[in-house]
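Structural overview
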Amino acid sequence: MTDTRTEVAVVGAGAAGLAAALALAQAGVSTALVGRHAPVADGRTVALLDGSVRFLDALGAWGPLAPQAAPLAVLQIVDDTGSLFRPPPARFHATEIGLDAFGWNVESAGLVESLRARARETPNLALIEQDADICRAGEAEARLTLAGGGAVAARLVVAADGARSRLRVGSGIAVRDWSYPQAALTTILAHERPHRDVSTEFHTRQGPFTLVPLPGGHRSSLVWVTDTERAEALSALDEAGLAAAIEAQAKGMLGRMRIDGPRGRVPMRGLSVASPVAHRLALIGEAAHVFPPIGAQGLNLGMRDAAALRDAVCRAVADGRDPGSRAALAGFARDRRRDAALRTAAVNGLNRSLLSALAPVDALRGLGLVAMQAVGPLRRAVMREGVLPRFGVPELMRARR
């Protein structure tokens with residue numbers, strides 16, 4: 001292998017890395033995407049919020065994916081904690097904030113394949129399908145040594161290599177990580193009654209139990225967060241037994257159910273970084289933050305990372321500045337740190353409030369839900385912030401006029 005020289009090298013060929021590489025290359029920035037295009041586990045789905053869909057559409061990756069996506073037109077929250085302060089079920093309609101849907105639910109494999117297809121046909125984007133071994137940041141550029149031989153030199157390296165990011169570890173960036181006494185059971189379901197584009201989240205004392213629509217009206221994806229012992233027991237059930245358990249937990253709202261896809265069990269953990277940048281390095285996606293699968297925040301935050309990085313690099317290049325310098329990345333670092341901190345606090349706060357049996361915590365959670373239902377401006381503000389932050393929205397995520 002010979003050396004490759006480029007302006008930006010993105011390490012990691014998952015959804016966030018692919019999106020970042022595509023966005024940069026399409027903006028005219030010489031880019032290399034380093035990473036093996038490994039198979040994506042079947043049966044995993046992701047709820048792409050409105051801003052992420054705008055971003056994918058701008059990249060040309062949404063068109064082929066749209067027929068495989070189901071709109072999330074209504075979000076329904078049901079308190080099933082058994083609390084004395086249990087509020088009535090709450091419904092939030094996307095039309096109230098001027099959207100057809102809060103987002104769209106798609107299978108992860110379809111999302112990654114659509115991005116890969118765009119990457120293969122994008123000029124200015126070199127695909128290097130091997131692992132990065134070592135990254136050494138010099139004064140004027142960083143050098144990636146490849147596991148299969150050869151190297152990539154770039155003025156900026158983007159770490160999109162996941163929660164166990166080797167680039168992050170090698171950079172010395174301080175990390176805070178934690179775990180929860182829970183696991184998330186995931187699968188795809190077929191059900192008797194139509195979901196009518198309603199995503200339903202039951203708040204239980206062990207964590208959220210969420211049913212998210214899939215295309216066709218009679219299929220949904222499941223994310224069932226529960227304590228680790230119960231998750232293990234549920235995983236051991238045969239398909240009929242698991243379907244019956246899910247049907248019971250869903251209070252029969254979608255009628256009879258059957259398992260219609262592979263199962264998964266994901267440990268519940270979190271991770272945050274002191275800064276998403278180091279010398280000639282920017283972190284995006286799970287290299288920068290890890291969330292429990294609650295509230296559809298994880299990948300959507302990673303997509304905002306990718307879109308925001310594209311803006312920062314384009315501004316630097318347009319001004320004749322070094323895109324890998326700390327000065328060029330200062331605004332990106334500040335905005336991404338704030339966005340991640342707010343999402344981390346919200347997801348962590350909700351999850352831990354469900355695990356707590358303290359009456360004041362239950363009362364506050366219940367009052368908050370009642371207030372959002374009763375106070376229109378508050379409800380709309382929370383819905384907008386949940387879909388896309390009001391400030392610092394990346395260019396490719398903004399509504400087109």
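Residues numbered from 1 in each chain as written. Predicted model: local features only at pLDDT ≥ 70, side-chain atom pairs only at ≥ 80, totals over all residues. Heavy atoms only, no water.

By the naming in an unreviewed UniProt entry, the protein goes by Ubiquinone hydroxylase UbiL and is assigned to Methylobacterium hispanicum. UniProt annotates the protein under Pathway (unreviewed entry) with the comment "Cofactor biosynthesis; ubiquinone biosynthesis." (UniProt positions renumbered as here; feature names shortened; annotations may be inferred.)

Inspection of every chain in the model, using the stated rule, returns 27 salt bridges. Salt-bridge contacts for Arg-155 lead to Glu-7; the nearest nitrogen and oxygen are separated by 2.5 Å. Of the two residues, Arg-155 sits in strand 11 (residues 151-159) while Glu-7 sits in strand 1 (residues 4-11), which places them 148 residues apart along the sequence. What makes Arg-155 partly exposed here is its relative accessible area of 29%. As a salt-bridge pair, Asp-305 and Arg-336 come within 2.8 Å of each other at their nearest N and O atoms. Of the two residues, Asp-305 is situated in helix 8 (residues 298-318) and Arg-336 in helix 9 (residues 326-355); the sequence distance between them amounts to 31 residues. On the basis of relative accessible area, Arg-336 is assigned to the buried category, the value being 7%. Three or more residues joined by partner-sharing salt bridges are found here, namely Arg-304, Asp-305, Arg-336, Asp-339, Arg-343 and Glu-385. (Salt bridge = Lys/Arg side-chain N within 4 Å of Asp/Glu carboxyl O. Helix = DSSP H or I, 4+ residues; strand = E, 2+ residues; numbered from the N terminus. Buried < 20%, exposed > 50% of the residue type's maximum accessible area, 1.4 Å probe, protein only.)

Throughout the structure, instances matching the rule amount to 1 cavity of 30 Å³ or more. When its volume is computed, the largest cavity comes out at roughly 40 Å³. Contributing elements (two or more residues each) for the lining of the largest cavity: strand 12 (175-191) and helix 9. No other element matches the 3 residues that helix 9 contributes to the lining of the largest cavity. Tallied by class, the residues present in the lining of the largest cavity amount to 6 nonpolar, 2 polar and no charged. (1 Å grid on protein atoms, 1.4 Å probe; cavity = no way out; pocket = protein on both sides within 12 Å on 5 of 7 lines; lining within 4 Å. Points joined across faces, edges and corners; volume = space filled by probe spheres on them. Nonpolar A, V, L, I, M, F, W, Y, C, P; charged D, E, K, R; others polar.)

Each pocket or cavity is described by its volume, and for the second largest pocket that value is around 350 Å³. What lines the second largest pocket is a set of 15 residues, among which Asp-50, Arg-54, Arg-384, Leu-388 and Pro-389 lie closest to the centre. At the level of elements, helix 2 (50-59) and helix 11 (376-387) are the ones that each hand at least two residues to the lining of the second largest pocket. With 4 residues, helix 11 is the single largest residue contributor to the lining of the second largest pocket. For the lining of the second largest pocket, the residue count by class is 9 nonpolar, no polar and 6 charged.

Let us look at the environment of Gln-26. You can see Gln-26 is positioned in helix 1 (residues 15-26). As for Gln-26 and Val-387, which are separated by 361 residues in sequence, their C-alpha atoms are 25 Å apart. Residues contacting Gln-26, with those up to four places away along its chain left out, are Ala-58, Leu-59, Arg-118 and Thr-122. Polar side-chain contacts of Gln-26 include one of 3.1 Å to the backbone oxygen of Leu-59. (Contact = heavy atoms within 4.5 Å. Polar contact = N/O pair within 3.5 Å; in protein donor to acceptor, adjacent residues only side chain to side chain.)

On the basis of which strands lie adjacent, the open sheet formed by 3 strands has the order 3-7-4 and antiparallel pairing. If you trace the sheet from one side to the other, it starts and ends with strand 3 (45-49) and strand 4 (70-71), each paired once. (Pairing = 2+ DSSP bridges.)

As for its position among the elements, Thr-31 is in strand 2 (residues 31-34). Judged by relative accessible area, Thr-31 falls into the buried class, the value being 2%. Separated by 125 residues in sequence, Thr-31 and Leu-156 place their C-alpha atoms 9.7 Å apart. In this view, Thr-31 contacts Thr-6, Val-8, Val-10, Ala-21, Leu-24, Ala-25, Asn-124, Leu-125 and Ala-126; residues no more than four positions away in its chain are not counted.

The next subject is unusual backbone geometry. With the exception of glycine, the majority of residues adopt a negative phi angle, and the majority of peptide bonds are in the trans configuration. In this structure, Asp-197 takes a positive phi of about 60° despite not being glycine. Examined against the element boundaries, Asp-197 turns out to sit in the loop between strand 12 and strand 13 (198-204). In the Ramachandran plot, Arg-280 falls in the positive-phi region, its phi being about 60° despite a non-glycine side chain. Inspection of the secondary structure puts Arg-280 in the loop between strand 18 (277-278) and strand 19 (281-283).

Overall, the coordinates contain 3 aromatic pairs when judged by the stated rule. Their ring planes at 85° and their centres at 5.0 Å tell us that Phe-209 and Trp-224 sit as a pair that is edge-to-face. Taken as a pair, Phe-209 in strand 14 (residues 207-214) and Trp-224 in strand 15 (residues 219-227) lie far apart in primary sequence, 15 residues in all. (Phe/Tyr/Trp six-rings, centres within 6.5 Å; stacked < 30°, edge-to-face > 60°.)

This paragraph deals with the nonpolar core. Leu-48, Phe-55, Trp-62, Leu-111, Leu-115, Ile-284 and Leu-309 are the most contacted members of the largest nonpolar core, which has 64 residues in total. Among residues more than four places away in sequence, those in contact with Ile-284 are Ala-16, Gly-17, Ala-20, Val-158, Ala-159, Ala-160, Asp-305, Ala-306, Leu-309 and Phe-332. Among the nonpolar cores identified, the runner-up in size contains 24 residues, and Ala-9, Ile-128, Val-152 and Ala-163 belong to it. (Core = buried A, V, L, I, M, F, W, Y, C linked by side-chain atoms within 4.5 Å.)

Looking now at the packing of helix 1 against helix 4 (residues 108-120). Close contact between helix 1 and helix 4 brings their axes to 10 Å; oriented N to C, the two are set at 30°. Our classification of the angle between helix 1 and helix 4 gives roughly parallel. Regarding helix 1 and helix 4, the two cross each other, and that crossing is left-handed. Between helix 1 and helix 4, the contacting residues are Ala-15, Leu-18, Ala-19, Leu-22 and Gln-26 on the first element and Leu-111, Val-112, Leu-115, Arg-116, Arg-118 and Ala-119 on the second. Taken together, the residues of the contact of helix 1 with helix 4 break down into 8 nonpolar, 1 polar and 2 charged. (Axes fitted to C-alpha atoms, helices over the stretch in contact; angles between N-to-C directions. Parallel < 35°, antiparallel > 145°, perpendicular 65-115°, else oblique. Left-handed = near helix turned anticlockwise from the far one by under 90°.)

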